[in-house]
Amino acid sequence: MSSLRGLGNWKRPEPYLALLLVSTVLAIGDSLRQPKDQILARAYVQAVLEYQRYGRPISAKFIRCRYRPTCSQYSLEAVERFGIGRGLALTLRRVVSCRGNVAFGTPDPVPAS
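This is a predicted model, so every value here is computed, not measured.

Concerning the side chain of Q38
Mapped onto the elements of the fold, Q38 is located in the loop between α1 (13-31) and α2 (39-59). Polar side-chain contacts of Q38 include one of 3.1 Å to the backbone oxygen of S31. Of note is the side chain of Q38, whose polar atom sits 2.8 Å from the backbone nitrogen of I84. Residue contacts for Q38: discarding those within four places in its chain leaves D30, S31, R33, G83 and I84.

What about the nonpolar core?
Core analysis: the biggest nonpolar cluster contains 6 residues, these being A41, V45, V48, L76, V79 and I84. Broken down by secondary-structure element, the contributors of at least two residues to this core are α2 and α3 (71-82). Of all the elements, α2 adds the most residues to this core, at 3 residues. Counting residues in each nonpolar core, the second largest holds 5 residues, with Y74, A78, L90 and V110 among its members.

Quick notes on the environment of Q38
Residue classification places Q38 among the buried residues on the basis of a relative accessible area of 2%. Taking the C-alpha atoms as reference points, Q38 and N101, separated by 63 residues in sequence, lie 36 Å from one another. Among the polar contacts made by the side chain of Q38, one reaches the main-chain carbonyl oxygen of R33 at a distance of 3.0 Å.

So, the confidence of the model for the chain
Of the residues in the chain, 91% reach a pLDDT of 70 or more, and the chain-wide mean stands at 89. For the chain, per-element mean pLDDT is lowest for α1, which scores 91, and highest for α3, which scores 96.

Notes on the layout of surface pockets
Any space left empty among the atoms is revealed by the rolling of a water-sized probe across them. Of the volumes computed, that of the largest pocket is approximately 320 Å³. If you trace the largest pocket, you find 16 residues lining it, with Y51, I63, C65, T70 and C71 closest to the centre. Breaking the lining of the largest pocket down by element, the ones donating at least two residues are α2, α3 and α4 (84-97). Among the elements that line the lining of the largest pocket, the one with the most residues is α2, at 4 residues. Partitioned by chemical class, the residues of the lining of the largest pocket number 8 nonpolar, 5 polar and 3 charged.

Here's the deal with the pattern of salt bridges
Taken as a whole and assessed by the stated rule, the structure comprises 4 salt bridges. A salt bridge links E14 to R12; the shortest N-O distance between them is 3.2 Å. Here E14 falls in the partly exposed class, since its relative accessible area comes to 42%. Residue classification places R12 among the partly exposed residues on the basis of a relative accessible area of 47%.

The rules behind the values
- Residues numbered from 1 in each chain as written.
- Predicted model: local features only at pLDDT ≥ 70, side-chain atom pairs only at ≥ 80, totals over all residues.
- Heavy atoms only, no water.
- Helix = DSSP H or I, 4+ residues; strand = E, 2+ residues; numbered from the N terminus.
- Polar contact = N/O pair within 3.5 Å; in protein donor to acceptor, adjacent residues only side chain to side chain.
- Contact = heavy atoms within 4.5 Å.
- Core = buried A, V, L, I, M, F, W, Y, C linked by side-chain atoms within 4.5 Å.
- Buried < 20%, exposed > 50% of the residue type's maximum accessible area, 1.4 Å probe, protein only.
- pLDDT = per-residue confidence, 0-100.
- 1 Å grid on protein atoms, 1.4 Å probe; cavity = no way out; pocket = protein on both sides within 12 Å on 5 of 7 lines; lining within 4 Å.
- Points joined across faces, edges and corners; volume = space filled by probe spheres on them.
- Nonpolar A, V, L, I, M, F, W, Y, C, P; charged D, E, K, R; others polar.
- Salt bridge = Lys/Arg side-chain N within 4 Å of Asp/Glu carboxyl O.

Following this line, the structure appears as structure tokens:
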């Protein structure tokens, strides 16, 4: 017996695509608000804080950040200052720039504007 048998219309892709479209429209709309008012930004900040509290002690045994502030702290500051869209773009640029030739402790603050 299929586990999808009792799901009715959820076997078809249309409800999933409609849900994806609505979620995308809501996310875009949310990103147009002021950074302090963005629901996605607040949720992202909470997720990063949870990582810093629980994940960082575990990952610190394997990963050492080359930049100051650390990438997670940089990401928090960028998202709080610029909002979820630009903040994540800055964070991605920062993570991609991390190479073996970057000295440990290299200062790289969040841009002012």
